[in-house]
Amino acid sequence: MGQKVNPIGFRLAVNRDWRSRWFASKKEMPEFLLSDVKIRGYVKKKLQLAAVSKVVIERAWNSLRVTIHTARPGIVIGRKGAEIEKMTDDISKMSGGKQVKIDIVEIKTPELDAQLVAENVALQIERRISFRRAMKKAVQTTMDFGARGIKIRSSGRLGGAEISRAEWYREGKIPLQTLRQPIDYGFAEAMTVYGKIGIKCWVCPPEEGAPERERPERPQRRGDRQDRGGGNRRGPGPSAPAAAPAAPAAAAAAPEAPAPAEEPAAAEPTAV
């Protein structure tokens with residue numbers, strides 16, 4: 001019961017590719033594997049603020065190609081390419097003096113990348129934002145960009161509680177057992193003062209060729225600002241009598257009738 005497998009490894013050779021593409025003998029295998037781990041750790045640490053999703057490493061006879069998938073290529077390149085040159089020299093030393101080439105691939109929609117979504121939630125939790133608020137916002141943003149489904153799971157001492165627990169939110173569909181669905185998976189850790197909090201994210205991307213869905217308009221609710229004026233908000237009911245028509249302007253502007261003239265007072269009799 002509860003057998004779980006990494007969605008990316010489960011789909012290798014079906015619709016996913018390896019992140020380390022090289023062949024080695026039994027003697028060179030441990031050395032190359034350790035070198036890949038060090039290179040990935042160096043790149044992630046060096047480019048913490050560059051939104052790096054994944055690092056693909058390819059090896060040839062005496063050369064090494066590192067492909068960095070990032071949402072902020074300007075930070076990776078640096079001013080006049082200074083950052084790229086420094087990283088090339090450092091990776092060359094880590095790989096035993098081999099010739100290194102670094103390629104950069106820009107991620108057009110980071111909101112649909114599971115790794116970047118998980119890292120974004122982890123960053124907000126580190127900044128003491130409520131984990132529920134961060135997770136719900138990430139779910140809503142991803143769905144607004146046309147994803148067919150998303151699931152986020154956070155576990156650890158959520159909110160600084162004494163006993164660790166796990167909470168998750170899901171929207172749409174996440175068919176983990178359907179191999180033809182290219183489910184994207186990401187994992188990140190938030191380093192808080194009360195311990196680590198792990199965030200897992202599963203994203204079912206939109207279908208290829210599907211039109212990008214526009215952001216839905218917010219439904220108007222009772223009590224919005226435009227309805228906050230005085231007066232009867234409900235309007236006349238079905239049984240309310242119709243209002244009497246206004247008097248015509250001509251009648252309103254008609255002159256008033258002249259007042260009747262006063263009768264002259266009777267003259268007093270005079271003594272003879």
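Heads up: the structure comes first, above all this text.
What comes next is a walk through the structure. Here the structure is a predicted model, which is why all the values come from computation and not from measurement.

Observations concerning a nonpolar patch on the surface
Logical step 1: On the surface, V5, F10, V14 and L179 cluster together into a nonpolar patch covering about 320 Å² of accessible area.
Logical step 2: Relative to the elements of secondary structure, V14 occurs in the loop between α1 (7-10) and β1 (20-21).

Some remarks on the side chain of Q181
Logical step 1: Assignment of secondary structure puts Q181 in the loop between β6 (165-172) and β7 (184-192).
Logical step 2: Residue class for Q181 comes out buried when judged on its relative accessible area of 13%.
Logical step 3: With near-sequence residues (within four places) excluded, Q181 lies in contact with R11, N15, R148, P175 and C204.

Examining helix α2 (residues 29-46)
Logical step 1: Look at α2: 26 Å from first C-alpha to last across 18 residues, which is about the 26 Å you get at 1.5 Å a residue.
Logical step 2: If you check which residues of α2 are buried, you get F32, S35, D36, I39, Y42 and V43. All buried residues of α2 lie within an arc of 135° about the axis, which places them on one face of the element. The outward face of α2, more than 90 degrees from its buried face, is lined by the exposed residues P30, V37 and K45.
Logical step 3: Buried residues belonging to α2 abut β1, β2 (52-59), β3 (63-70) and α4 (82-94).

A look at the sheet that holds strand β4 (residues 99-106)
Logical step 1: Spatial ordering of the open sheet is given by β1-β2-β3-β4, a layout of four strands whose pairing is mixed. Looking at which strands have only one partner, the edges of the open sheet turn out to be β1 and β4.
Logical step 2: Summarising the sheet, β2 and β3 pair through seven bridges and their orientation is antiparallel. Looking at β3, one finds that R59 is bridged to L64.

Remarks on the packing of aromatic side chains
Logical step 1: Here the structure, examined in full by the defined rule, presents two aromatic pairs.
Logical step 2: Residues W22 and F32 carry aromatic rings whose centres are separated by 5.4 Å and whose planes lie at 90° to one another, so their mutual orientation is edge-to-face. Residue W22 is found in the loop between β1 and α2, and its partner F32 is found in helix α2; the two are separated by ten residues along the sequence.
Logical step 3: The exposure class assigned to F32 is buried, which follows from its relative accessible area of 11%.
Logical step 4: A centroid spacing of 5.5 Å and a plane angle of 50° characterise the contact between Y185 and W202, whose relative ring orientation is tilted. Placement of the pair is Y185 in strand β7 and W202 in strand β8 (residues 195-204), with a sequence separation of 17 residues. Neither residue differs from the other here; Y185 and W202 are each classed as buried.
Logical step 5: Here the basic side chain of R59 rests over the ring of W22, its NZ or CZ set 5.7 Å away from the ring centre.
Logical step 6: We note K151 situated over the ring of W202; from NZ or CZ to the ring centre the distance is 5.0 Å.

As for the sheet that holds β6
Logical step 1: Spatially, four strands are ordered β6-β5-β8-β7 in an open sheet, and the strand pairing comes out antiparallel. Of all strands in the sheet, those bounded by a partner on one side alone are β6 and β7. Averaged over all pairs of adjacent strands, the angle between their axes in this sheet comes to 10°, without regard to strand direction.
Logical step 2: When strand β5 (residues 149-156) meets β8, the two strands line up antiparallel, connected through eight bridges. The residue bridging I152 from the neighbouring strand is C201, located in β8.

Thoughts on unusual backbone geometry
Logical step 1: Unusually for a residue other than glycine, A13 sits at a positive phi of about 70°.
Logical step 2: Using a relative accessible area of 62% as the deciding quantity, one classes A13 as exposed.
Logical step 3: A positive phi is found at A51, a non-glycine position, where the angle reads about 55°.
Logical step 4: Examined against the element boundaries, A51 turns out to sit in the loop between α2 and β2.

Rules used throughout
- Residues numbered from 1 in each chain as written.
- Predicted model: local features only at pLDDT ≥ 70, side-chain atom pairs only at ≥ 80, totals over all residues.
- Heavy atoms only, no water.
- Patch = residues over 30% accessible without salt bridge, like charges linked within 9 Å, V, L, I, M, F, W, Y side chains within 5 Å.
- Areas by Shrake-Rupley, 256 points an atom, 1.4 Å probe, with all protein chains shown as cover.
- Salt bridge = Lys/Arg side-chain N within 4 Å of Asp/Glu carboxyl O.
- Helix = DSSP H or I, 4+ residues; strand = E, 2+ residues; numbered from the N terminus.
- Buried < 20%, exposed > 50% of the residue type's maximum accessible area, 1.4 Å probe, protein only.
- Contact = heavy atoms within 4.5 Å.
- Expected span 1.5 Å × (residues − 1).
- Arc of directions from axis to C-beta.
- Pairing = 2+ DSSP bridges.
- Phe/Tyr/Trp six-rings, centres within 6.5 Å; stacked < 30°, edge-to-face > 60°.
- Lys NZ or Arg CZ within 6 Å of the ring centre and 35° of its normal.
- Axes fitted to C-alpha atoms, helices over the stretch in contact; angles between N-to-C directions.

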